[in-house]
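Below, each chain spelled out in residue letters.
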Amino acid sequence: IAGAPLLTPDQKEAQSQAISLSNEPAVLAARLAAIKRYQTAPPAQLADGKSTLSAALEEAVYGTLLALTNDPAHPRVIWSEALPCDIGTYHVAGGRYGGDDPDRIYRTIAVDPAHRYEIRGRRLPQASLDFSFEAISGPALWGKAKAALQAKDIDVAADGTFVVTADATPANGRRNHLQLLPGTANILVRDTLHNWKIELPTELTVRRLDDTDVQSPSHDSLVQRAPLEVQRSIDESLKFIAGVWKNPPNRLFPVVRGLRDGVKGGVVAVNRFRLRSDEALIITLDPLGAKYVGIEVTDPWMRSADYAQRSTSLNETQAEVGADGYLTYVLSNQDPGIHNWLDASGLHDGILLVRWELLPGGAQLDKAVREIRIVKLSKLAAALPAGGTRIDAAQRQQWLAERRKSYERRLAQE
């Protein structure tokens, strides 16, 4: 059963435009300037930072250009932060940055508070666990949320359909309305796919309601804007990365997210890890009663590791919960033969992100991280809780094949 096709005609057109922009001399010059700036950042002083720099920057720049192609006067629903993949014979370019979540479908809609918009959606019978709309300032998907509609704020009909309006007027008690405050440039749509085997993204379309005749920006005008947008996006990226890398490695510091941080009310912990080849990092988390708990590995530049081919992320539908009710993971480059393995993907220096969302009231933040410590692989078995499921090489390959198949469900086009 397929859901909302992500590779729409609008998506293909946006990708074609973004690729065309990326080859313009002015954009190539902006990319070169960005490389030089990345080379001065803390990750670039380490082997893993150097080896991943070019690819990470390429995806960050492409993601910025993809957002730039969207026109608020003629808005489109654009799939962003995609893992590089092939859908049939069509290649979808990677656009991961900023700690993108493997459990999310990210889509953006360019908007301008001067216009009025109507977003129509349909939640499928196999609906995603959660969805939300956030009015952000940009560039690309950067920027602090100015207003948000979470699932609890949206009335959905019995057949799964809903309509959200968006304009400069305040909601004043209206449900299904998102206010576009001054400076809003995009609406960021998040769909959380909790169970990859079952859940599908929400169907979405958008149209501008006011009938003002506005001409789309020319290619030349986009070329003129692109270097500044790339520069602004790199500014945000480096600021985010610097904030993470200032902390000592192999620790997690959970914080509650406010409106400006996105996913208001959720809890997030982001920090770097450092591993030797003969070491593993044991992480034990308390789910805190959250309906969603996800952990993932990214490269030093906060680009998600390949989650389709490898076990680089686990949410609690994919992970095994211990007899104590906790989630205990092992991060290492060598498969330890346990269910909850986080594949470090060859990285000795990278970043861990944990998200707790849809929490009950009164959750105790100080209980979120029960343990995080480095152990030698040779002593790992003795350090882990008893009773965890063991997985041999053949079982791991079968598990990864099933994971790949589950991931491909979101890409279905029929």
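Since the model is a prediction, treat every value here as computed from it, not as a measurement.

### Some words on the packing of aromatic side chains
For the coordinates displayed, the defined rule picks out eight aromatic pairs. Centre to centre, the rings of Phe131 and Phe162 are 5.5 Å apart; their planes meet at 40 degrees, and the pair counts as tilted. On the criterion of sequence distance, the pair formed by Phe131 in strand 6 (residues 130–136) and Phe162 in strand 8 (residues 161–167) is long-range, its members being 31 residues apart. In terms of burial, Phe131 and Phe162 fall into one category: buried. Measuring from ring centre to ring centre gives 6.3 Å for Trp196 and Tyr307, while their planes differ by 70 degrees; the resulting arrangement is edge-to-face. Linking Trp196 in the loop between strand 10 (186–192) and strand 11 (203–208) with Tyr307 in the loop between strand 15 (292–298) and strand 16 (313–315), this pair joins segments that are 111 residues apart in sequence. Three or more aromatic residues joined by ring pairs make a cluster, and in this case those are Tyr97, Trp142 and Phe240.

### Description of the pattern of salt bridges
The tally for this structure, following the rule as stated, stands at 29 salt bridges. Measuring nitrogen to oxygen at the nearest pair gives 3.3 Å for the salt bridge that ties Arg303 to Glu59. Remark: Glu59 occurs in helix 3 (residues 47–68) and Arg303 occurs in the loop between strand 15 and strand 16; sequence separation between them is 244 residues. We classify Arg303 as buried; its relative accessible area is 13%. For Glu59, a relative accessible area of 7% translates into the label buried. The partner of Asp155 in a salt bridge is Arg175, with the nearest N and O atoms 2.8 Å apart.

### Considerations on the nonpolar core
Formed by 46 residues in total, the largest nonpolar core has its most connected members in Tyr38, Leu65 and Trp301. Secondary-structure elements contributing two or more residues to this core are helix 1 (9–22), helix 2 (25–38), helix 3, helix 4 (219–245), strand 13 (267–274) and strand 19 (349–357). Per element, the largest residue contribution to this core is ten residues, and it comes from helix 3. Counting residues in hydrophobic clusters, the runner-up holds 29 residues, among them Val267, Leu275, Leu285 and Leu342.

### Let's talk about unusual backbone geometry
Along the chain, Gly138 connects to Pro139 via a cis peptide bond; the corresponding omega equals 10 degrees. For Pro139, the position within the fold is in the loop between strand 6 and strand 7 (147–150). Of note, Asn176 is a non-glycine position whose phi angle comes to about 60 degrees, a positive value. Mapping Asn176 onto the fold places it in the loop between strand 8 and strand 9 (177–179). The phi dihedral of Met302 falls on the positive side, at around 70 degrees, and the residue is not glycine. The residue Met302 is located in the loop between strand 15 and strand 16 in this model. With a relative accessible area of 1%, Met302 lands in the buried category.

### Re the sheet that holds strand 18 (residues 341–343)
In spatial order, the strands read 18-17-14-20; together these four strands make up an open sheet with mixed pairing. Where the open sheet ends on each side, the last strands, each with one partner, are strand 18 and strand 20 (369–376). Each neighbouring strand pair of the sheet contributes to a mean axis angle of 20 degrees, computed without reference to strand direction. For strand 14 (residues 279–285) and strand 17 (residues 327–332), the ladder comprises five bridges, and the chain directions are antiparallel. Each bridged residue has a counterpart across the sheet, and for Leu281 the counterpart in strand 17 is Leu331.

Rules of the game
Residues numbered from 1 in each chain as written. Predicted model: local features only at pLDDT ≥ 70, side-chain atom pairs only at ≥ 80, totals over all residues. Heavy atoms only, no water. Phe/Tyr/Trp six-rings, centres within 6.5 Å; stacked < 30°, edge-to-face > 60°. Helix = DSSP H or I, 4+ residues; strand = E, 2+ residues; numbered from the N terminus. Buried < 20%, exposed > 50% of the residue type's maximum accessible area, 1.4 Å probe, protein only. Salt bridge = Lys/Arg side-chain N within 4 Å of Asp/Glu carboxyl O. Core = buried A, V, L, I, M, F, W, Y, C linked by side-chain atoms within 4.5 Å. Pairing = 2+ DSSP bridges. Axes fitted to C-alpha atoms, helices over the stretch in contact; angles between N-to-C directions.

Read these as spatial facts, not as claims about activity.
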